[in-house]
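Spelled out from the first residue to the last, the chains are:
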Amino acid sequence: MAVFTLPDAALVEIDRTIARYPEKQAAMLPVLWTVQREQGWISPDAMAWVADRLGCSAAAVQSVVTFYTMFDDGPVGKWKLQVCRTLSCELMGARAVIDRIRERLGIEAGETSEDGVFTLQEVECLASCGTGPMMQCNFKFYENLTPERIDALLDELRAREPDPDDVEPVIYERPAIDVYRAMFPDSLARERTGGAEVEAQ
Amino acid sequence: MNAPRILMQRGLDHAGRSHRLGTYEQTGGYRAVRKALEMSPEALLDEVKKSGLRGRGGAGFPTGTKWSFIPRDSEKPRYLLCNSDESEPGTFKDRWLLENDPHLVLEGMMIAALTIDSRLMFNYFRGEFTFPLQRWRQAVDEAYAKGYLGEGIFGSDRDLEVVTHYGAGAYIAGEETGMIESLEGKRAQPRNKPPFPAVEGLFGSPTVINNTETLATIPWIVTNGGDAYRQFGTEKSRGTKLWSCSGPIGQPGVYELEMGYDLMEFLDGELGGMLDGVTLKGIIPGGSSVPVLTPEECRGAKLDYESLRERGSLVGSGGFIVIGDNVSAADCLLNLARFYAHESCGQCTPCREGCGWIEQLVDKILEGHGTQADIERILRLSDQMAGGKTICALADAMAWPAVAFIKKYPEDFADLCAEPVDMDALSAAVGRHDHILPRAS
């Protein structure tokens, strides 16, 4: 087995975390968070190491890593773009936002751009429904998104490094109605178009 | 009588600094817990019971009754667990509280802990709540620095610690026993009940789990008394409630309303009505798990437990999702089915298989390959999922919107089908299965 190590500061942090709980295994999630922060993702070696620290099986650790969507069991980009796709956001045009990211980066949801800068993920409700469409970039929310704002934001993100302490949400001004209208899903328009064609005949 | 803002006043009046201890104490904060330290647990429990407060996370269980289930004679430690894993689609009010008034949540937790004689409290945040977590940690640090947490809180002989915990992305961790499993370092798979958490919860010990909003209401009740709280609202729905409002409306956001507020008055008033050019198609009043209401059902409805149930829906978490006529009910159902299929923990067959099946069937219908049999299959599946056939209520949370969307917007599904649908036969099929929907008791 390859030797897995963490910086001393992270080891101290992990010891402190474990000490806070009545039972060791309860520290599982926070310890995995520390590992992911240090390593970028959670490797099989890291899982074995965590299992050893918490006195449980590596299978137990793996079952946790794969259950929770925020843990990555493979490398991800410098910026992880997690766009909410659940109802409130989709009603306000999340699909248009996701499509713009796909087009701009040339990747599908679940993929990382070739330069390793961006990973795109579609995620479920992030509890920011009144300002949808929205996404989480690493640990920061960006709300009231539009395709145009995505263009500017991707350029901005590409040019800078993530700052883990910068977590205050960016809430853009609410888009004007005509911007929304261009983003709104139009499932019923399918029926209306069908009707128009029949009439035209 | 108009109810005061019990939960949002400070956050609105002192935006930008309401989360700091100084502001909190200048505006009356931490007086309730000092009062509570002078009261017996029995007296505290009595006030909360008298208030009529019901859990604001979704189930609406009476808070005082829940606390009273903690055995008095147990040798084991007792734990208080605050549920800040806000994940019900359409709901973002706990996030507002944690960002804008974290000390209010903390004070509510302290009083609850005193009532059940707990020395160790946990606050479980969903993993995505990084900003609320930052605000919360600052509040906890401020409280420890002042001696409000730790040994001998507020100069008393009571010790009280808090552990801040955070998840990593799982809707089901918001279910009480799923949360316990998750906090114990496992997959968030709900447990069979009984035993209930009050008897055997976290680490096998008696545990009270309350929603963030529920706990944030406690300081006001202790300060003003349970009788004062029950003056507001209606007979079965006391006090005020936060509503998270989203969709194509003028003024989305979090609102605090006295229970019993008129739904359409709220939509056309505070929420600024529908966006220009969009007509109301329906409203999901209590988070994605509760049945949708048609415009007709919305008219005259009051935002309280009994009125919404009478109309076949629920208060739930107060996630008020407004749907415009630009989308079809089938699209809405596909979106929610994809959500529940993704979030099902996989333990129970009806839920694990049923959510995925419904997703596939709606997808097939939307692709234009569906038939009447497919629509009826969704109804039958829903019937086989709901009503206590699974360990937790996630299966019901899928089945209710499925049956409700088909029952209330049958033409949206029928029009997409490859062959003509016999609407009378579809209506009869709905009639065979809509007994699973909530109804007036």
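Rules and cut-offs
- Residues numbered from 1 in each chain as written.
- Chains lettered and ligands numbered in written order.
- Predicted model: local features only at pLDDT ≥ 70, side-chain atom pairs only at ≥ 80, totals over all residues.
- Helix = DSSP H or I, 4+ residues; strand = E, 2+ residues; numbered from the N terminus.
- Buried ≥ 20, exposed ≤ 12 C-beta atoms within 10 Å, placed from the backbone.
- Rg over C-alpha atoms; globule rule 2.2 N^0.38 Å.
- Contact = placed C-beta atoms within 7 Å.
- Domains from an automatic or database assignment.
- Nonpolar A, V, L, I, M, F, W, Y, C, P; charged D, E, K, R; others polar.
- Pairing = 2+ DSSP bridges.
- Axes fitted to C-alpha atoms, helices over the stretch in contact; angles between N-to-C directions.
- Arc of directions from axis to C-beta.
- Parallel < 35°, antiparallel > 145°, perpendicular 65-115°, else oblique.
- Left-handed = near helix turned anticlockwise from the far one by under 90°.
- Core = buried A, V, L, I, M, F, W, Y, C linked by C-beta atoms within 7 Å.

**Quick word on the overall build of chain B**
- The number of helices and strands found in chain B is 20 helices and ten strands.
- For the C-alpha atoms alone, the extent of chain B along its principal axes is close to 75 × 45 × 40 Å.
- By residue count, 61% of the 441 residues in chain B fall in the buried class.

**Let's talk about the overall build of chain A**
- Summing up its helical and strand segments, chain A has nine helices and five strands in all.
- Taken from the N to the C terminus, the helices and strands of chain A come in the order α-α-α-α-β-α-α-β-β-β-α-β-α-α.
- Radius of gyration (C-alpha) of chain A: 21 Å, far over the 17 Å computed for a compact globule of 201 residues.
- For the C-alpha atoms alone, the extent of chain A along its principal axes is close to 70 × 35 × 35 Å.
- The buried share of chain A, taken over its 201 residues, is 35%.
- Excluding contacts between residues fewer than 6 apart, the proportion of contacts in chain A whose partners are at least 24 apart in sequence is 64%.

**Structural notes on the domain arrangement of chain B**
Residue and element names in this part refer to chain B.
- Domain assignment breaks chain B into domain 1 (9-230), domain 2 (240-319) and domain 3 (329-436).
- Computed over C-alpha atoms only, the centres of domain 2 and domain 3 are separated by 23 Å.
- Each side of the interface is counted separately: domain 2 has seven residues, and domain 3 has eight residues.
- Tallied by class, residues from the side of domain 2 that touches domain 3 come to three nonpolar, four polar and no charged.

**With respect to the interface of chain B and chain A**
- Listed per partner, the contact involves 50 residues of chain B and 46 residues of chain A.
- When contributions to the side of chain B that touches chain A are tallied by element, the ones reaching two or more residues are α8 (130-145), β3 (161-166), β5 (240-246), β10 (319-324) and α15 (329-343) of chain B.
- Ranked by residue count, the leading element in the side of chain B that touches chain A is α15(B), at seven residues.
- Along the lines of polarity and charge, the residues of the side of chain B that touches chain A split into 20 nonpolar, 19 polar and eleven charged.

**A closer look at the environment of S43(A)**
- Checked against the element boundaries, S43(A) lands in the loop between α2 (28-39) and α3 (44-54).
- For the pair formed by S43(A) and V65(A), sequence separation is 22 residues and the distance between their alpha carbons is 9.9 Å.

**Looking at the pairing of strand β8 (residues 280-284) of chain B**
Residues and elements named next belong to chain B.
- Of all the five residues making up β8, five are buried; the element is thus mostly covered by neighbouring parts of the structure.
- Relative to β10, β8 runs antiparallel, the two being bridged by four bridges. Bridge pairing in β10 places L280 opposite G324.

**Thoughts on the sheet that holds β3(B)**
Residues and elements named next belong to chain B.
- Ordered by their spatial adjacency, four strands build an open sheet running β3-β2-β1-β4, and the pairing between neighbours is parallel. This sheet does not close on itself; its edge strands, each paired only once, are β3 and β4 (207-211). Sheet twist, expressed as the mean angle between neighbouring strand axes with direction ignored, is 20°.
- Alignment of strand β1 (residues 79-84) against β4, held across five bridges, turns out to be parallel. Looking across to β4, one finds that L81 is bridged to I209.

**Re the pairing of strand β1 (residues 79-84) of chain A**
Residue and element names in this part refer to chain A.
- In terms of burial, β1 is a largely internal element, six of the six residues being buried.
- On β1, burial covers both faces: W79, L81 and V83 on one face and K80, Q82 and C84 on the other are all buried.
- Across six bridges, β1 lies against strand β2 (residues 118-123) in parallel orientation. Each bridged residue has a counterpart across the sheet, and for Q82 the counterpart in β2 is Q121.
- Relative to strand β3 (residues 135-137), β1 is paired through three bridges, and the arrangement is antiparallel. Paired with V83 across the strands is M135, a residue of β3.

**Describing α3(A)**
Residue and element names in this part refer to chain A.
- The set of residues buried in α3 consists of A46, M47, W49, V50 and L54. In a view along the axis of α3, the buried residues occupy a sector of 160°, so they form one face of it.
- Buried-residue contacts for α3 involve α2 and α4 (58-67).
- Taken from the residues just after α3, G55 is the one with a positive phi, measuring 70°.

**Some points on the sheet that holds β5(B)**
Residues and elements named next belong to chain B.
- Taking strand neighbours across the sheet as the criterion, the four strands line up as β6-β5-β10-β8 in an open arrangement whose pairing is mixed. Strands with a single pairing partner mark the edges of an open sheet, and in this sheet they are β6 (253-258) and β8. Sheet twist, expressed as the mean angle between neighbouring strand axes with direction ignored, is 25°.

**What about the domain arrangement of chain A?**
- Domain assignment breaks chain A into domain 1 (8-67) and domain 2 (79-186).
- The distance between the C-alpha centroids of domain 1 of chain A and domain 2 of chain A comes to 30 Å.

**Structural notes on the packing of helix α6 (residues 94-105) of chain A against helix α7 (residues 147-158) of chain A**
Residue and element names in this part refer to chain A.
- Where α6 contacts α7, the axes come no closer than 9 Å and their chain directions differ by 40°. One element, α6, and the other, α7, form an angle in the oblique class. Crossing angle aside, the handedness with which α6 passes α7 is right-handed. Contacts between α6 and α7 involve A96, V97, R100, I101 and R104 from the former and P147, I150, D151 and L154 from the latter.
- Grouping the amino acids of the contact of α6 with α7 by side-chain chemistry returns six nonpolar, no polar and three charged.

**A look at unusual backbone geometry**
- The linkage connecting G132(A) with the following residue, P133(A), adopts the cis geometry, with an omega of 0°.
- A cis geometry characterises the amide bond from P194(B) onward to P195(B), with omega recorded as 0°.
- Inspection of the secondary structure assignment puts P195(B) in the loop between α9 (176-183) and β4.

**Focus: the environment of F413(B)**
All names here are of chain B.
- Examined against the element boundaries, F413 turns out to sit in helix α19 (residues 410-414).
- Using a count of 24 C-beta atoms within 10 Å as the deciding quantity, one classes F413 as buried.
- Between the C-alpha atoms of F413 and A329, which are 84 residues apart in sequence, the distance is 7.5 Å.
- Look past the residues within four positions of F413 in its chain and what remains in contact with it is A329, A330, I365, I375 and I406.

**Notes on the packing of helix α7 (residues 102-116) of chain B against helix α10 (residues 212-224) of chain B**
Residues and elements named next belong to chain B.
- α10 packs onto α7 with a crossing angle of 75° between their chain directions and a minimal axis gap of 7 Å. Judged on the interaxial angle alone, α10 and α7 are roughly perpendicular. Contact residues: α7 offers L104, V105, E107, G108, M109, I111 and A112, while α10 offers T212, L215, A216, T217, I218, P219 and V222.
- Class assignment for the residues of the contact of α7 with α10 results in ten nonpolar, three polar and one charged.

**Some points on the nonpolar core**
Residues and elements named next belong to chain B.
- L81, M109, I111, L333 and M398 are the most contacted members of the largest nonpolar core, which has 191 residues in total.
- Looking at which element gives the most residues to this core, the answer is helix α18 (residues 394-408), with eleven residues.
- Residue contacts for M398: discarding those within four places in its chain leaves A337, Y340, G354, C355, I358 and M385.

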